[in-house]
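If you want the building blocks of each chain, they are given just below.
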Amino acid sequence: MSMYRERADRDRLYRRPAPSASVLRTVSTRERRSHLSAPRVPTVGIDIGGTKVMAGVVDADGQILEQVRAETPEKSKSPKVVEDTIAELVLDLSDRHDVHAVGIGAAGWVDADRSRVLFAPHLAWRDEPLKDALTARLAVPVMVDNDANTAAWGEWRFGAGRGEDHLVMITLGTGIGGAILEDGQVKRGKYGVAGEFGHMQVVPGGHRCPCGNRGCWEQYSSGNALVREARELALAESPVAYGISERVGGQVSEITGPLITELARGGDAMCTELLQDIGHWLGVGIANLAAALDPGGFVIGGGVSAADELLIDPARDAFRRHLTGRGYRPEATIAKAQLGPEAGMVGAADLARLVARRFRRANRRRLERYERYERAADNLRRAVGQ
Ligand SMILES: [Zn+2]
């Protein structure tokens, strides 16, 4: 009895405190001055993806008050066209809401000052001064960040990462996106492009990656990897692929990630196995990240995470088997993201509240300077009058 009791007490020591309480207690002083003292005003968050631009008014509690969307302009269009799209969405929302700042999460590399987009794979942006261009047009403060960073921030503030100030987010979409939060702050690296986990080499001499290297992590653990494997098996007319081949009527190109997940849920052996493989490689990569970064938790988002435990359970197993120093260290948790496709938008809006505050502070300082000048001028006038 007492031994069990001791065991339970020890386990409790390793368990982290309740999420609601610890946010206030464990964040650094600097962070306490930022998001916790930011004005509780509604802001607009924008998520620019490969196919659509989502914009939403989000309040200080992370609730989406209204959401609108538009198609992402084609890559061939000039940067101005994308700016127009963003401005139209914001002005539309401003008709019905009091918007205090705009936060943008873009799929691309954003510089460390968070003002220029260095490169965006789906858009014509090349060293684009997005922040200045939009600030001038919208007359409210604008914040620009990488979409993986805004999604991680959203999950940390309102989703699966609440209460964990050392957090790594991994987004499994067509590739792998990632972000690092430490002491409740996004780590962007010196040049703003930290968190490109997808191109860590996990298999020397492995599959060729569009980045030019071989064996990148995202060639083994992503939506593209999942679909590639399923199509290969179907093309080879493997007996294990009969189920999925029949489902798409032999049209191998119609095999998609969501279809594989659906069939796996229905008990299809091949689809379950493929998701296990993806999950296995996910766990291997996570173990590598834990060796380098030692976070308290990993949050898994992106379209592939819809497979839930079919993906996460094999990931946890592989993580435990590959973690360095296993058995002698507390293990990071692995959880599925909670905010879904809106995570980036909600996070961008919340990060924008930080610049909303800075903007207002700057105004107040200007006002104070003016008042001081007025007082001095008054004193001078009085002195001269006497
Ligand atoms: Zn690569």
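Residues numbered from 1 in each chain as written. Predicted model: local features only at pLDDT ≥ 70, side-chain atom pairs only at ≥ 80, totals over all residues.

Caption draft 1: Quick look at the overall build of the chain. A count of helices and strands for the chain gives 12 helices and 13 strands. Put simply, the chain has 386 residues, and 41% of those count as buried. (Helix = DSSP H or I, 4+ residues; strand = E, 2+ residues; numbered from the N terminus. Buried ≥ 20, exposed ≤ 12 C-beta atoms within 10 Å, placed from the backbone.)

Caption draft 2: Examining the pairing of strand β9 (residues 167-172) more closely. The buried fraction of β9 amounts to 6 of the 6 residues, a majority that puts the element mostly inside the structure. Of the two faces of β9, the one holding Leu 167, Met 169 and Thr 171 and the one holding Val 168, Ile 170 and Leu 172 are both buried throughout. In this structure, β9 lies alongside strand β10 (residues 176-182), joined through 6 bridges in antiparallel fashion. Pairing of Val 168 across the sheet is with Ile 180, part of β10. If you look at the hairpin formed by β9 and β10, you'll find 3 residues sitting between the two strands. (Pairing = 2+ DSSP bridges.)

Caption draft 3: Geometry of the pairing of strand β13 (residues 333-336). As defined by bridge partners, strand β12 (residues 297-301) adjoins β13 across 4 bridges and the pair is classed as parallel. Residue pairing across strands places Ile 300 opposite Lys 336, the latter belonging to β13. Handedness of the β12-helix α11 (residues 309-322)-β13 crossover: right-handed. (Right-handed = clockwise from strand over helix to strand, strands pointing away.)

Caption draft 4: Layout of unusual backbone geometry. At Arg 114, a position not held by glycine, the phi torsion is positive, near 55 degrees. With respect to the secondary-structure elements, Arg 114 resides in the loop between β5 (109-110) and β6 (117-119). Positive phi, close to 50 degrees, is recorded for Asp 294, a residue that is not glycine. Its 14 C-beta neighbours within 10 Å are what place Asp 294 among the partly exposed residues.

Caption draft 5: Representation of α11 in the model. With 14 residues, α11 ought to run about 20 Å at 1.5 Å a step, and its terminal C-alpha atoms sit 19 Å apart, in line with that. Among all positions in α11, only Leu 311, Ile 312, Pro 314, Ala 315, Ala 318 and Phe 319 are buried. Axial view of α11: buried residues confined to an arc of 170 degrees, hence all on one face. Looking at α11, the residues exposed on the side facing more than 90 degrees away from the buried face are Glu 309 and Arg 321. (Expected span 1.5 Å × (residues − 1). Arc of directions from axis to C-beta.)

Caption draft 6: Just helix α10 (residues 269-293), in detail. Counted at 1.5 Å a residue, the expected span for α10 with its 25 residues is 36 Å, and the 35 Å between its end C-alpha atoms agrees. Two residues or fewer after α10 comes Asp 294, characterised by a positive phi angle close to 50 degrees.

Caption draft 7: Structural view of the sheet that holds β5. Ordered by their spatial adjacency, 3 strands build an open sheet running β5-β6-β7, and the pairing between neighbours is antiparallel. Edge positions in the sheet fall to β5 and β7 (126-128), since each has one partner strand and no second.

Caption draft 8: Broad picture of the sheet that holds β13. Ordered in space as β11-β10-β9-β12-β13, the 5 strands form an open sheet in which the pairing is mixed. A single partner strand is all that each edge strand has here, and the edge strands are β11 (185-187) and β13. Each strand of the sheet is rotated relative to its neighbour by a mean of 25 degrees, with strand direction disregarded. Looking at chain direction, β9 and β12 are connected through 5 bridges and run parallel. Note that in β12 the partner of Met 169 across the bridge is Val 299. Sheet strands touched by α11: β12 and β13. Its angle to β13, the strand with the most contacts, is close to 165 degrees. (Axes fitted to C-alpha atoms, helices over the stretch in contact; angles between N-to-C directions. Contact = placed C-beta atoms within 7 Å.)

Caption draft 9: Quick peek at the nonpolar core. Counting 96 residues, the largest nonpolar core has Ile 46, Val 102, Ile 104 and Ala 152 as the members making the most contacts within it. Those residues in contact with Ala 152 that lie beyond four places of it in its chain are Leu 167, Met 169, Ala 179, Leu 181, Val 186 and Gly 347. (Core = buried A, V, L, I, M, F, W, Y, C linked by C-beta atoms within 7 Å.)

Caption draft 10: Fine view of the environment of Ile 170. One can find Ile 170 in strand β9. With 28 C-beta atoms counted inside 10 Å, the residue Ile 170 sits in the buried group. As a C-alpha pair, Ile 170 and Ala 148 span 22 residues in sequence and 8.1 Å in three-dimensional space. Here Ile 170 is in contact with Ile 176, Gly 178, Phe 197, Phe 298 and Ile 300, once residues within four sequence places are set aside.

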